[in-house]
Protein chains: 2
Amino acid sequence: MEPENDEKFVTALRRIALMGGLHDYVALSSRELGDMLDMSQQSASKRILELLDGKLIERDLGARRQRIRITSKGADMLRKEYIEYQKIFEMKDELVIKGTIVEGMGEGQYYVTQPGYMEQFVEKLGFKPYEGTLNVKLLSTEHHKLDTLRNGRTIDIKGFERNGRTFGDVHCIPASIQNVECAVVLPRRSHYEDVLEVVCKFHLRRTLGLEDGDQIEVRIRLNF
Amino acid sequence: MEPENDEKFVTALRRIALMGGLHDYVALSSRELGDMLDMSQQSASKRILELLDGKLIERDLGARRQRIRITSKGADMLRKEYIEYQKIFEMKDELVIKGTIVEGMGEGQYYVTQPGYMEQFVEKLGFKPYEGTLNVKLLSTEHHKLDTLRNGRTIDIKGFERNGRTFGDVHCIPASIQNVECAVVLPRRSHYEDVLEVVCKFHLRRTLGLEDGDQIEVRIRLNF
DNA sequence: ATTACTATATACCGAGTAA
DNA sequence: TTTACTCGGTATATAGTAA
């Protein structure tokens, strides 16, 4: 039983993040880090080497001062803890995400109407979706909330193959827009998407009178 | 230079908090805690003793299963980290608290007009307060935000004595209500108060046309 | 001033075990 | 079953120091 001691890494990462290391390289000597963490320069230097080894930070070792930034792997580690704290202190069961309506390119309709998905939507979401999706582009300030969603419970729609084409797994969460029940489809993590696709029993654009560019709030139910 | 290793304590506290230990005693054996923290039963037992020693948890050592809850000191430790994560991920510099206008009992006026306070208000807040306060009773869902405020920066007004009566320290934070600049006075922690007193250059009730029972939003500036 | 190696001191963990 | 002691092995920290 090895203790897998993430904690000492996260502590250092948090310090670096508070200096802005999530967004850009920050100049940070081992002595400064040591002071912040209440440890010696030597230990801080070692900690930095460990973080580098674990690909949690990247370093630009200049002649005088090294500059450090947090990798996406390191950011994930921090976010995971943040989400735990949110659970502890917020105990919220809904998350509101703001975004604007954008034009769909028809793929929504193409995917939703695939029988392989449609059957599962009906069974797992409890309604037969309208044959098309509403696309909501998230405001940039809301983007990080996708990670919160991905770390919570989701309704998982299994992928399938059809005519030699692969349709991947889809992860949904129940939601509502202006009190109309619906479900959001989480975008793939890898593509760094910022558009939520919303499936609904009704034609949301018509029902709610929405047009491209309108700003809306999607209320997502976390503990369904 | 002793490393003052809070981190291992916070990690255990977080685990306990996720089980509900902030709100009530939770049954938690040293083996279970050990499993959750990836450590042995022996080490978890030791960790529990350390947490007890540091008054971070309280324990009800029953015959079969011990029950543990987090003390207010332990909760503070967790909240402090939570606030760091909020800083990292939210980068917010204001906090909006909702509440309703309630009747003041005249104590606001009594206190504000004490010269010992008034002089400091003028000096440290930058305005001469109207001789009375607006009392805002927080919605119960907003109560926890007081702790966030208490952990951030405050403008501290020193207490004093006068005619044998003791006037305590007062902690203020700059804020605004409907774009009118003001400052909130944090209620004493010990009394578990849920009423914010708002001091302002103007008579807020008259200026904003507020009446008892009206719901308002107080925008509090965190990084003044 | 840096970073980071080596050697030594300290802290920590867990196996064995008692109550 | 519990909790928690002692003890020995190991991991971690720092002082001294090189580059």
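Draft legend 1. Representation of the interface of chain B and chain A. Contacts between the two partners involve 30 residues from chain B, matched on the other side by 31 residues from chain A. Buried area between chain B and chain A, summed over both chains or domains, comes out near 2700 Å², and the portion from carbon and sulfur atoms is 61%. Here chain B and chain A share eight salt bridges between them. Linking chain B with chain A are 16 residue pairs in polar contact (both at pLDDT 80 or more), by the criterion used here. Residue assignment for the side of chain B that touches chain A shows that the elements contributing at least two residues are α1 (6-18) and α4 (72-90) of chain B.

Draft legend 2. Layout of the sheet that holds strand β3 (residues 66-70) of chain A. All names here are of chain A. The strand order across the open sheet formed by three strands is β1-β3-β2, and the pairing between neighbours is antiparallel. Here the strands that pair on one side only, and so sit at the sheet edges, are β1 (26-27) and β2 (57-61). Note that β1 and β3 share two bridges and pair antiparallel. The residue of β3 that forms the bridge with A27 is R67. Contacting β1, β2 and β3, helix α1 (residues 6-18) runs over the sheet at an angle of about 105° to β3.

Draft legend 3. Representation of helix α3 (residues 41-53) of chain A. Residue and element names in this part refer to chain A. An ideal rise of 1.5 Å per residue puts 18 Å on 13 residues; α3 measures up with 18 Å between its terminal C-alpha atoms. Regarding α3, the residues found buried are A44, R47, I48 and L51. Along the long axis of α3, the arc covered by the buried residues comes to 100°, so they all point the same way. Facing away from the buried side of α3, by more than 90 degrees, are the exposed residues Q42, K46 and D53. Looking at the buried positions of α3, the neighbouring elements they touch are α1, α2 (30-36), β2 and β3.

Draft legend 4. Molecular detail of the pattern of salt bridges. A full pass over the atoms with the stated rule returns 35 salt bridges over all chains. Notably, a salt bridge pairs E50 of chain A with R47 of chain A, separated by 3.0 Å at the nearest N-O pair. In this pair, E50 of chain A and R47 of chain A both sit in helix α3, three residues apart, roughly one turn of the helix. Residue R47 of chain A is classed as buried on the basis of its relative accessible area of 13%. The salt bridge partner of D76 of chain B is R79 of chain B, with a shortest N-O separation of 3.0 Å. With a gap of three residues between them, D76 of chain B and R79 of chain B both fall in helix α4, about one helical turn apart. Assessed through its relative accessible area of 13%, R79 of chain B is described here as buried.

Draft legend 5. Expanded view of the relation of the copies chain B and chain A. Expressed as a screw transformation, the operator carrying chain B onto chain A has a rotation angle of 177° and an axial translation of 0.4 Å, and the superposed copies differ by an RMSD of 1.2 Å. What the rotation and shift describe, once combined, is the action of a two-fold rotation axis. By residue overlap, the copies meet face to face through one surface: 100% of the interface positions of chain B are interface positions in chain A.

Draft legend 6. Fine view of the protein's contact with DNA strand C. Taken together, 17 residues surround DNA strand C, and among them S30, Q41 and R59 of chain A together with S40 and S43 of chain B come closest. Each atom of DNA strand C within 4 Å of the protein belongs either to a base or to sugar and phosphate, the latter forming 58%. S43 of chain B has a polar side-chain atom sitting 2.6 Å from a phosphate oxygen of DNA strand C. At the level of elements, α3 and β2 of chain A together with α3 (41-53) of chain B are the ones that each hand at least two residues to the surface near DNA strand C. Counting residues per element, the surface near DNA strand C draws most heavily on α3 of chain A, at four residues.

Draft legend 7. Summary view of the protein's contact with DNA strand D. The immediate surroundings of DNA strand D are formed by 17 residues, with S40 and S43 of chain A together with S30, Q41 and R59 of chain B found nearest. S40 of chain A places a side-chain nitrogen or oxygen 2.8 Å from a phosphate oxygen of DNA strand D. Q66 of chain B is positioned such that a nitrogen or oxygen atom in its side chain is 3.0 Å from a phosphate oxygen of DNA strand D. Elements supplying a minimum of two residues to the surface near DNA strand D: α3 of chain A together with α3 and β2 (57-61) of chain B. Looking at the surface near DNA strand D, the element that brings in the most residues is α3 of chain B, giving four residues. In terms of residue class, the surface near DNA strand D is built from four nonpolar, nine polar and four charged.

Draft legend 8. Up close: the packing of aromatic side chains. Applying the stated rule across the entire model yields 22 aromatic pairs over all chains. When the centroid spacing of 6.0 Å and the interplanar angle of 85° are considered together, the rings of Y117 of chain A and F167 of chain A count as edge-to-face. With Y117 of chain A in helix α6 (residues 115-125) and F167 of chain A in strand β8 (residues 165-167), this pair connects stretches of sequence that are 50 residues apart. Note on accessibility: Y117 of chain A and F167 of chain A belong to one class, buried. Pairing Y110 of chain B with Y111 of chain B gives two aromatic rings, centres 5.6 Å apart and planes at 70°, and the pair type is edge-to-face. Residue class for Y110 of chain B comes out partly exposed when judged on its relative accessible area of 39%. Among the aromatic residues, ring-to-ring pairing joins Y82, Y85 and F89 of chain A together with Y82, Y85 and F89 of chain B into one connected group. Directly above the aromatic system of F167 of chain A lies the positively charged group of R165 of chain A, at a separation of 5.0 Å from the ring centroid.

What counts, and at which threshold
- Residues numbered from 1 in each chain as written.
- Chains lettered and ligands numbered in written order.
- Predicted model: local features only at pLDDT ≥ 70, side-chain atom pairs only at ≥ 80, totals over all residues.
- Heavy atoms only, no water.
- Contact = heavy atoms within 4.5 Å.
- Buried area = accessible area lost by both parts, 1.4 Å probe.
- Salt bridge = Lys/Arg side-chain N within 4 Å of Asp/Glu carboxyl O.
- Polar contact = N/O pair within 3.5 Å; in protein donor to acceptor, adjacent residues only side chain to side chain.
- Helix = DSSP H or I, 4+ residues; strand = E, 2+ residues; numbered from the N terminus.
- Pairing = 2+ DSSP bridges.
- Axes fitted to C-alpha atoms, helices over the stretch in contact; angles between N-to-C directions.
- Expected span 1.5 Å × (residues − 1).
- Buried < 20%, exposed > 50% of the residue type's maximum accessible area, 1.4 Å probe, protein only.
- Arc of directions from axis to C-beta.
- Least-squares fit on C-alpha atoms with pLDDT ≥ 70 in both.
- Near = heavy atom within 4 Å.
- Nonpolar A, V, L, I, M, F, W, Y, C, P; charged D, E, K, R; others polar.
- Phe/Tyr/Trp six-rings, centres within 6.5 Å; stacked < 30°, edge-to-face > 60°.
- Lys NZ or Arg CZ within 6 Å of the ring centre and 35° of its normal.

Take it as geometry only, folks, not as evidence of what the structure does.
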